[in-house]
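# Understanding the architecture of this molecule
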Number of protein chains: 2
Amino acid sequence: MITPAQTLGGVSEEGLLGSIFPFFTTQPGLLVGPGDDAAVVAASGPVVATTDAMVRGRDWLDQWSSASDVGAKLLTQNLADLAAMGAVGTSVLITLVADPATPVAWARDFAKAVGEGAALAGVAVAGGDLSSAPPGVLLVSITALGDLQGRAPVLRSGARPGHTVAVCGTLGRSAAGLRLLEAGGDQAADGDQAADGDQAADGDQVSPSDQGGIRQLCLDHHRRPTAPLAAGPLAAVAGASAMLDVSDGLLRDGGRIARASGVCLDLVGAAIAADVAALAPLLGEAAALDCVLAGGEEHSLLATFPSAELPPGWRALGTVREGEGISLDGRAQRQRGWDHFAGDVP
Amino acid sequence: MITPAQTLGGVSEEGLLGSIFPFFTTQPGLLVGPGDDAAVVAASGPVVATTDAMVRGRDWLDQWSSASDVGAKLLTQNLADLAAMGAVGTSVLITLVADPATPVAWARDFAKAVGEGAALAGVAVAGGDLSSAPPGVLLVSITALGDLQGRAPVLRSGARPGHTVAVCGTLGRSAAGLRLLEAGGDQAADGDQAADGDQAADGDQVSPSDQGGIRQLCLDHHRRPTAPLAAGPLAAVAGASAMLDVSDGLLRDGGRIARASGVCLDLVGAAIAADVAALAPLLGEAAALDCVLAGGEEHSLLATFPSAELPPGWRALGTVREGEGISLDGRAQRQRGWDHFAGDVP
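Residues numbered from 1 in each chain as written. Chains lettered and ligands numbered in written order. Predicted model: local features only at pLDDT ≥ 70, side-chain atom pairs only at ≥ 80, totals over all residues.

Moving on, we get to the relation of the copies chain A and chain B. Two copies of a chain can be linked by a rotation about an axis combined with a shift along that same axis. Of the transformation placing chain A onto chain B, the axial shift is 0.0 Å and the rotation is 180 degrees, giving an RMSD of 0.0 Å. Taken together, the rotation angle and the small translation identify this as a two-fold axis. Here 100% of the contact residues of chain A are again contact residues in chain B; the copies associate through an equivalent surface. (Least-squares fit on C-alpha atoms with pLDDT ≥ 70 in both. Contact = placed C-beta atoms within 7 Å.)

Encoded structure:
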C-alpha cells in the first residue's frame with residue numbers, strides 16, 4: 001500500500017510499477033505490454049518513431065507545472081511529432097528518471113496523465129524505464145510510435161514555389177503563458193482551472209476585451225498544450241507537401257521547412273494579425289508579435305499545400321516562393337526562436 | 001568548426017547535430033532518418049520496442065567510465081532486451097539531456113560509440129532528442145526497435161516443469177568489475193585497454209591463476225558489457241520457452257521468469273562453480289558467489305528450453321520445477337539483486 005507521503009526511495013520498483021500500471025489502458029495493437037524485456041506492438045507497415053524528454057528546472061518548474069501538466073505536455077509533444085509526419089500514434093514508452101526523494105504521488109500523477117491522454121488518443125502505453133537519479137534530478141521522456149496507414153510520410157522537404165503555407169492551431173499562446181508566469185501572472189489569474197477537456201476552446205479566437213479568458217488559455221496552453229493530432233493525417237490525405245509541428249517557434253520551424261525544401265516561406269502579416277491582437281492586451285504589441293513569430297512549445301501544425309484549398313481547421317499564412325528562409329510581407333526574417341543549448345536566440 | 005575545449009552551451013544545437021550525424025551510418029530499413037519530426041523505419045511485422053536510460057552519478061561515474069564506455073553500455077542494455085524477446089534490432093533513437101557545461105567532446109564520443117556499435121549490430125540510428133539540463137545533470141537514453149522475423153516473441157511466462165534452465169554468456173563479471181573499481185582496482189589494473197573488438201574473449205572461461213586477465217575482463221565488462229545478441233533469436237528458433245537478459249542479477253531476473261511462469265527455477269550449484277571460481281581469487285569466495293548470483297548489468301541471456309539439448313553457446317544451469325521462486329541445489333533463495341530505488345537489496 002502506497003501512501004501520499006511516501007517517496008520513491010521508500011517503495012520498491014515493483015511496488016511502484018504495480019501502482020501505476022492500472023493507469024495504462026490496453027489497446028488492440030499492443031501484443032505484449034509492460035512487464036517483459038520489451039514491448040511488442042502490431043504494425044501494418046513502416047513505423048514512425050520519435051522521442052522527447054523534459055527535465056525539471058529547464059523544461060518545467062514545479063511551482064508552475066504539476067506532475068499531471070508535465071505528463072500531458074510531454075505526451076502532446078511526442079504525438080504532435082507523429083501527427084506532423086501524417087501518422088497516427090499507436091504506442092508510447094515512458095521513461096522516469098528520478099531522485100529517490102521524489103514523492104510517489106508525483107510519479108503516479110504523471111503516469112496517470114500520460115495514461116489518460118494516451119487512452120484518449122487511442123495510444124497504448126507499451127512499456128518504459130524507471131531509474132533513480134542523483135539528488136534534485138527529475139526527468140521524464142516519452143518515445144512514441146505511429147502508423148502511416150499506408151500513406152507516404154509528410155517530410156519537411158516537399159514545399160515548392162506556389163504552394164500555400166498554412167497552420168492548424170494557435171500561435172504564440174504557450175510563449176505568452178510563459179511570460180505571464182515569469183511576470184507573476186499566475187497569481188493574477190482568477191481560477192486557474194485545469195485545462196482537461198478544454199480542447200474545443202483551444203482553437204477559438206478570443207476577443208481582446210476578454211483578457212481573463214485569453215490569459216487563462218495562454219497559461220493552460222503553456223502548462224499542458226493540446227495539439228490538433230487528427231489534422232496531421234488529414235493534411236497528409238489532402239496532399240500536404242511539407243509539415244512539422246511548431247515546437248521552437250514559427251520562424252525557426254518555418255525556416256526548417258524552407259531549408260529542407262530549398263525555398264522561401266513568405267508569410268503575410270495580415271494572416272497573423274488576429275493572433276497578435278489577441279495577445280497584445282496581455283503583453284503589449286511588440287511582445288505579442290514576438291510570441292507569435294518566435295514562441296515555441298505551441299505544437300500547432302505548420303504545413304504547405306499544393307493548392308490554396310485547405311482542409312478544415314487550417315488557415316493560410318502565406319505562400320512558398322523561390323529563395324530561402326522566411327519573410328514577412330516580403331521582408332526577410334532572422335530565424336530566431338528556441339535553441340536547446342544556447343537558449344532563446346534573439 | 002567545433003574544437004575539443006568547447007562546451008555544449010557554446011555551440012548551436014544544429015552545429016552539434018551536424019558534427020555527430022556523420023557517426024550514424026545508414027541502414028536499408030531506415031526510410032526517414034534524423035532531421036525530420038520523426039523517423040520512419042521499415043517493419044515486416046510486429047515491432048519490438050524497449051527503452052533504457054543511464055544517468056551520471058547513479059549509472060556511471062566519470063572517473064570510471066568514458067563517454068564511449070557509456071554509449072557502448074547503453075546500446076548493449078537496449079539491444080540485449082530485444083535479443084531476450086528473440087528479436088533482431090533494427091533501429092535506435094538516442095536521447096542526450098545535458099548541462100550546457102558538458103564538453104562537446106563528451107557528446108561526440110558518446111554518439112560515436114553508439115553509432116559504431118549500432119553499425120556493427122546492423123542497427124540504424126533513426127533519430128533522437130537533444131535537450132539541456134540543470135547544472136551537473138547528464139543523462140542518456142536509448143529506445144531500441146526490433147523485428148521478430150516472423151517468430152512469436154519469447155516471453156518470461158513460458159517456463160514449464162521439466163524445462164532446462166540455461167544461460168548464454170558470463171555471470172558476475174560486471175558486478176565484480178564494479179567491486180574492483182570501488183576498491184580502487186582500476187589503478188591496480190595494468191593497462192586497462194579499451195574493450196573494443198574484444199567480444200570474442202568475453203565468453204571465455206579464464207583460469208583462476210590468470211588474475212590479471214580476469215580482472216581486466218571484469219573491469220571491461222562493467223564499463224562496456226557485451227551481450228550475446230545473436231543468441232537470442234537463435235534461442236527463439238530453438239524453441240526457448242522463456243527468456244530475459246540478466247540486468248538485475250541471476251536470482252532477481254530468474255525470479256521474474258519463475259513468477260511470470262508460475263514455476264520454480266532450481267539451479268545447480270555445480271553449474272555456476274566455475275563462474276564463482278574465476279572471480280574468487282579477486283574478491284574472495286563469498287563475494288564471488290554474491291556477484292554470480294546477484295550481480296546486475298551482466299546482459300547475458302537467461303532462458304528455459306523444453307529439451308535438455310541446448311543451442312550452441314548455451315549451458316545448463318538447472319531445471320524448472322513445480323513451485324515458486326528460485327532455489328539453489330534445492331534450497332530456496334531470496335530474490336536479492338538490484339532495485340532501482342531501494343538500491344542493492346541484500
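From this point, the narrative continues.
Taken in spatial order, the six strands make up an open sheet running E1(A)-E2(A)-E3(B)-E6(B)-E4(B)-E5(B), and their pairing is mixed. Looking at which strands have only one partner, the edges of the open sheet turn out to be strand E1 (30-32) of chain A together with strand E5 (124-132) of chain B. Taken over all neighbouring pairs, the strand axes of this sheet differ in orientation by 25 degrees on average, direction set aside. As defined by bridge partners, strand E3 (residues 47-55) of chain B adjoins strand E6 (residues 138-147) of chain B across nine bridges and the pair is classed as antiparallel. (Pairing = 2+ DSSP bridges. Helix = DSSP H or I, 4+ residues; strand = E, 2+ residues; numbered from the N terminus. Axes fitted to C-alpha atoms, helices over the stretch in contact; angles between N-to-C directions.)

The subject of this paragraph is the pairing of strand E4 (residues 88-98) of chain B. All names here are of chain B. Counting buried residues in E4 gives eleven out of eleven residues, a clear majority hidden from the surface. Sheet topology places E4 next to E6; ten bridges connect them, and they run antiparallel. Paired with Leu-93 across the bridge in E6 is Thr-143. As defined by bridge partners, E4 adjoins E5 across eight bridges and the pair is classed as parallel. (Buried ≥ 20, exposed ≤ 12 C-beta atoms within 10 Å, placed from the backbone.)

Attention now goes to the pairing of strand E9 (residues 264-267) of chain B. Both faces of the sheet carry side chains from a regular strand, because those side chains alternate between them. Residue and element names in this part refer to chain B. Residue alternation in E9 divides its side chains into two sets, Cys-264 and Asp-266 and Leu-265 and Leu-267, and both sets are buried. As judged from the four bridges shared by E9 and strand E11 (residues 314-321), these two strands associate in the antiparallel manner. What sits directly across from Asp-266, in E11, is Thr-319.

Attention shifts here to the interface of chain A and chain B. Across the boundary between the two partners, chain A contributes 58 residues, which contact 58 residues of chain B. Of all the secondary structure elements, the ones that give two or more residues to the side of chain A that touches chain B are E1, strand E2 (39-41), strand E3 (47-55), helix H2 (67-83), strand E4 (88-98), strand E5 (124-132), strand E6 (138-147) and strand E8 (242-245) of chain A. Broken down by element, the residue count for the side of chain A that touches chain B peaks at eight residues, all from E3(A). Taken together, the residues of the side of chain A that touches chain B break down into 34 nonpolar, 14 polar and ten charged. Here E2(A) runs beside E3(B); their pairing, made up of three bridges, is antiparallel. Within E3(B), the position partnered with A:Ala39 by the bridge is B:Ala49. (Nonpolar A, V, L, I, M, F, W, Y, C, P; charged D, E, K, R; others polar.)

Before going further, it helps to spend a moment on the sheet that holds strand E1 (residues 30-32) of chain B. Spatially, the six strands line up as an open sheet ordered E5(A)-E4(A)-E6(A)-E3(A)-E2(B)-E1(B), and their pairing is mixed. Each end of this open sheet is capped by a strand with a single partner; those strands are E5 of chain A together with E1 of chain B. Recorded for the sheet is a direction-independent mean angle of 25 degrees between the axes of neighbouring strands.

Another aspect to go through is the environment of A:Val125. Residues and elements named next belong to chain A. Turning to its location among the elements, Val-125 is positioned in strand E5. Given 28 C-beta atoms within a 10 Å radius, Val-125 is considered buried. Linking Val-125 and Phe-24, residues 101 residues apart in sequence, is a C-alpha distance of 5.9 Å. In this view, Val-125 contacts Phe-24, Val-92, Ile-94, Val-114, Gly-115 and Ala-118; residues no more than four positions away in its chain are not counted.

A separate point is the confidence of the model for chain A. All names here are of chain A. With 88% of its residues at a pLDDT of at least 70, chain A reaches an overall mean of 91. Low pLDDT, under 50, characterises residues 187-206; the stretch is placed with 23 contacts to residues that sit more than four places away or in other chains. The complex prediction reports pTM at 0.90, with the ipTM value standing at 0.89. (pLDDT = per-residue confidence, 0-100.)

Moving on, we get to the environment of A:Pro100. Residue and element names in this part refer to chain A. Mapped onto the secondary structure, Pro-100 falls in the loop between E4 and helix H3 (104-120). Exposure remark for Pro-100: the 18 C-beta atoms within 10 Å place this residue in the partly exposed category. When the C-alpha atoms of Pro-100 and Ala-273 are compared, they prove to be 48 Å apart, with 173 residues separating the residues in sequence.

All names here are of chain A. According to the domain assignment, chain A contains domain 1 (8-147) and domain 2 (164-345). If you look at the interface, domain 1 gives 16 residues, while domain 2 gives 19 residues. Per element, the largest residue contribution to the side of domain 1 that touches domain 2 is nine residues, and it comes from H2. For the side of domain 1 that touches domain 2, the per-class residue count stands at nine nonpolar, four polar and three charged. (Domains from an automatic or database assignment.)

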